[in-house]
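# Commentary on secondary and tertiary structure
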Amino acid sequence: MSTISTQVRNFKEPTKDQLLYAFFSIPDEGHRKDGSNEKSSPPVDFDKMEISAVLTLGEQGVEDAYAGKLHLIPPYLSFTSLDRKSVRFTMPLSTVRRVERLNARAGVYALSLITWHSSKIIVQLTSLRPTADAFCVLLRDALKAELQRGQMKVVKGFVRTCYSETLLSPSLSVTTADTSPATERGDGDLVSDIKDGQEILEPEYHGGLGLKFKFPGDPRKLREASKIKLWTTYLKTHGRNLTLLRYPQCTRLVQVGLPNRLRGEMWETLCGSLYLRYNNPGVYDDVVRQIQEKTGTLHGKTNTSFEDIEKDLHRSLPEYAGYQSEEGISALRRVLQAYSFRNPDVGYCQAMNILAAAILIYMSEEQAFWLLEVLCDRLLPGYYSPTMHGTLLDQRVFESLVARHLPEIHDHFQSVDVQLSVASLPWFLSLYINSMPMIFAFRIVDCFFCMGPKVLFQVGYINAEKLLLVQDDGGFLSLMREYFSTLDDSAHPTSPSPRTRAITCFQHLLLISFREFSSITSEVILAERRKLRNDVVNMIESFAKRSAVRNLRTFGRVGKERAGFVYDALYKAMCEEPPPELANASSYGLSKDGSGGEMTGLATGTLVQMADGQQEKVETRIGLKTFRVFLSEIVTWARNEKVIFNGFQQRVDRQVAEHELIDRLFYFWDTSCRGSLSFQDLVSGLDGVMFNDLMESIEWFFNLHDKDKDGYLTKDEVLTLSESLLFIFRHEIGDTYLGAVSRFMSNAFEYGDALLDAGHERGARDDHGFGERRGQQREDGADLGSDPQSRMEEPWMGMERKCAAEIGNNQPYLNLATFRMVVLADEILESFFETDLAASFRLEPIVDLELPTHASGGLLGDLWSNIATTDNKRIFHKLSDELGKTIGKHQVVCRPAIGRYTRAEEPRARESLLSPVPSKSIFGSPSGGSSTLAPSISSSTLTIEPPLPPLPHDDQPAPESTPLSAALSSAGLATMPHLQAVNVAFLERTPFAIDDAGDEDGDDDDDDSELDRVHGGDEDDDQVMDEVDAFLEANDSGLSEADKQVARDLVNAKPM
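Residues numbered from 1 in each chain as written. Predicted model: local features only at pLDDT ≥ 70, side-chain atom pairs only at ≥ 80, totals over all residues. Heavy atoms only, no water.

The strand order β5-β6-β7-β1-β2-β3-β4-β8 describes an open sheet built from 8 strands, whose pairing is antiparallel. One side of each edge strand has no neighbouring strand; the edge strands of this open sheet are β5 (96-101) and β8 (245-246). By the bridge criterion, 5 bridges tie strand β3 (residues 76-81) to strand β4 (residues 88-92) in an arrangement that is antiparallel. Within β4, the residue paired with S78 across the bridge is T90. (Pairing = 2+ DSSP bridges. Helix = DSSP H or I, 4+ residues; strand = E, 2+ residues; numbered from the N terminus.)

As structure tokens, this is what we get:
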């Protein structure tokens, strides 16, 4: 079976709105995968609007004021500073409790917003007064709509699932300045004021497996308590979860490392999956319940994705205690199966298990499910698709950036033939989780969710000094493995300063990454992706083609090379006319009405074969529309080609032809009667027509029109066959072929009627001679694929005794032997079936398809991309044609499909095939007389071009297919050298002792004393931030001192 995907070619550059949604981490409601929970979307499509504004916190002296853009994107309100990195927030409108206009000085238009968590935000609208009024009107209408939908009632129950609510709950003894050791634990959790004998309630917040099986690493060495206090201070003044304001201090805290208990919530808040969970309550539970109902149990194997998931469950971070128990394995299984079920186009890809296993340590199943949605769809698009095109593209981008920033290493790797992607591919796929100790990998993941995918590229420039000593791929992998195992060692072990010796190799890595390679921005990565995308697409398509050809069961006489040409034509047809995708449920063996069983009706998309309740491998099949386009690429008479001259240009317009002959050929090649064709069906069908001799071509054309496969054509089928010939010859020059078809019809009916008359007379005399001949002809028709026994049982004997006038249009009329005789009686048709029919199927190399073009940037690039569209080209051609007609130079010539006869000459009349003698003398008499049935040759003058030489025969057997990786088999990428290492890299993970979970009580006095010596003992907890101060970037508020003073005055302004 072959899976052919055009997803990589159908990539479209994101629109301006999509980029805006992605920047603010807002769910794109217009691209929801299903119709689940439609009530969460706004009933009215409100207008979006942005306005210049100055943001100020309502608490004096906490943060500076920042100028930027305020965006109203119902049902969200978002803000970003002018530099697009210093300050940012996105909050649902349902979390806004009150909006007031402030009574400020003249000319100042300011609003005060009170959020759900009682935080006060002051927004000074700096645009013109009419613009500010219009923005306020839209904001008011959007807030009313949220109130009518009842979303504001949902907020209370939702925020209880967030750990930050429990962290800042009044029932906890939390003081931001002087939290005593008695109120904090070694793992950073805070002890609540619950008296003895009082019932302890289960926490309502969502948490991961770490709450039960402990988090990786020693909490005291990770300074969890200090991080918790710093975050508590920040969250009190800057909001939390749905109302979090991201100021520069937030980025600093994330770079230091998130506390374990807060990590899951911050991940989903920073990446935006929190809003998906907020908008889709109960969806995850519904998906799990659907899987359980259809399979009986989540352990059931109903499709290939589920089978692959089962194989990888026990290879997902096996060193972690949570995945040594059934509880952790079951949670991982449910999340992966739920995502695979809801996203059948992605399904399951290798490395997903590593990500999901790592996420579940800090997040609940529902949180992990929505985080995977954002991770696979927006943050890392194409990384976990069947073709893994996103990963391969970023590998090319990474190599390009290495050549730009580290040319010495790039040149050295080129000289020793070391593939950089051998090591970097697992880094990107697993977000470094499978390569370095988890406590350090999770800090990289923290930065990834906060700062975006550019972190993966910045951190990738590691250990550059020793890379120049690498001589082969094995040495490269060994060096990286050794380097990752020493990340906790001191980067300066010989330094006399204790603080310098305390700097670890991991801290040094972050310092180099964020300071030396800060020029690698998201814009640079996007530009490199646009530049290299076409090369990656061509590479993927080349390997996918090899895999599809290799997986064919048989080549027949087509051969391996021409099978590749068939693939090219099929792929081009699928790009022009994509097969319709089946619904999500149907991809899992579910009917569209929700009931079990196989899909009914025509299934023309990517099908899933069902056998004994098991789902087999996916096979791409095309429907009739796509088949018409495919046939027009390889058959001359299946397309309409017009050569147009208009005085300005000469062009060839090609259109796909539609005729019953093409539809009949589609179902003729559909031997499995599934209403669709696979790649194998197309190759086998072409093998049955392209290499036939004269007799085989005549028989093939006869069988094509023998609908019931009984070895006979009815009168209606003879007429249909004649119409098929006329369709093939429709563009030929002159009336040569038209006359041939006319003579064929006359001779066919004349000879058929004569046979029926003779059969009637012999039946009356009980003469079995003709009956024996018809029996022999029926045996000749046994090769048509029908059952001879079933044909013998049909009531032909009674029909032989009927008169010719009583024969109906749907009764057996003309057999194969008679059809051969009629065709061979005409030199035009004989020549067509001998050479022209097979030659009209032309398997030739197809020029590489034109990939979607992207604007090169700038005014000219955008202008050209808007002008050079398909619709505009069509308008230009139409205009030039009209001008050509006006000046009298417009001419249209239809290109003939056969092209054998180049001069239009009328054929002369010729005698009938049958001599005008009684029917008795035709078939013989008792005296043994017989008449000659040989046709007379027409004397029409014809100009005949030499026939095309027959296609060579390829006898080379297909090579045996090799086992393919589960993640890459469908795309045919397993033969790529740098991808073969992925399988080995994910099967084994080096265990690091530093990841061992420490004791939460923190009773180790030696560790305490060591930490005191390093961090100063009683020094303030703010020293936790020291390790990132070296590479912090300056943040520009975009305001002058006068503007800042105006913003500070608004803090104390009263509402109007």
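So much for the structure itself; the text now carries on.
Before going further, it helps to examine a nonpolar patch on the surface. Side chains of F648, L879, L883 and I887 sit close together on the surface and give an oily, nonpolar patch of about 400 Å² of accessible area. Secondary-structure assignment places L879 in helix α38 (residues 870-886). (Patch = residues over 30% accessible without salt bridge, like charges linked within 9 Å, V, L, I, M, F, W, Y side chains within 5 Å. Areas by Shrake-Rupley, 256 points an atom, 1.4 Å probe, with all protein chains shown as cover. Salt bridge = Lys/Arg side-chain N within 4 Å of Asp/Glu carboxyl O.)

Direction of pairing for strand β11 (residues 639-645) relative to strand β12 (residues 650-656): antiparallel, over a ladder of 7 bridges. In the strand pairing of β12, I644 is matched with R651. Hairpin remark: β11 followed by β12, antiparallel, with 4 residues in the connecting loop; positive phi at G647, about 85°.

Along helix α1 (residues 16-23), the residues classified as buried are L20, Y21 and F23. The arc that holds every buried residue of α1, seen down its axis, measures 165°, which confines them to one face. Among the structural elements, β2 (66-73), β3 and β4 are those in contact with the buried residues of α1. The first or second residue beyond α1 is S25, which carries a positive phi of 60°. (Buried < 20%, exposed > 50% of the residue type's maximum accessible area, 1.4 Å probe, protein only. Arc of directions from axis to C-beta. Contact = heavy atoms within 4.5 Å.)

A word on the packing of helix α29 (residues 694-705) against helix α35 (residues 816-824). At a minimum axis separation of 10 Å, α29 and α35 run at an interaxial angle of 120°. Classified by the angle their axes make, α29 and α35 are oblique. Note on packing geometry: the crossing formed by α29 with α35 is right-handed. For the pair formed by α29 and α35, the contact residues are L694, M695, I698, E699, F701 and F702 on the first element and L816, F819, R820, V823 and L824 on the second. Classifying every residue of the contact of α29 with α35 gives 9 nonpolar, no polar and 2 charged. (Axes fitted to C-alpha atoms, helices over the stretch in contact; angles between N-to-C directions. Parallel < 35°, antiparallel > 145°, perpendicular 65-115°, else oblique. Left-handed = near helix turned anticlockwise from the far one by under 90°. Nonpolar A, V, L, I, M, F, W, Y, C, P; charged D, E, K, R; others polar.)

Moving on, we come to the confidence of the model for the protein. Looking at the protein, the pLDDT average stands at 77 and 71% of residues meet or exceed 70. Note on residues 582-616: pLDDT is under 50 here. Beyond four places in sequence and across chains, it has 74 contacts. Within the model, the stretch residues 906-975 combines pLDDT values under 50 with 113 contacts to residues more than four positions away or in other chains. (pLDDT = per-residue confidence, 0-100.)

Let us look at the sheet that holds strand β16 (residues 891-894). Here 3 strands make up an open sheet; going across it, the order is β12-β11-β16 and the pairing antiparallel. For this open sheet the edge positions go to β12 and β16, each flanked by a neighbour on one side alone. For this sheet the average axis-to-axis angle between neighbouring strands, irrespective of direction, equals 25°. Sheet strands in contact with helix α26 (residues 624-634) are β11 and β12, and its direction is about 135° off that of β12.

One pass over the structure, following the stated rule, counts 0 disulfides. We note that C349 lacks a disulfide partner, and the nearest cysteine sulfur, in C376, lies 8.7 Å from it. With relative accessibility at 2%, the residue C349 sits in the buried group. (Disulfide = S-S within 2.5 Å.)

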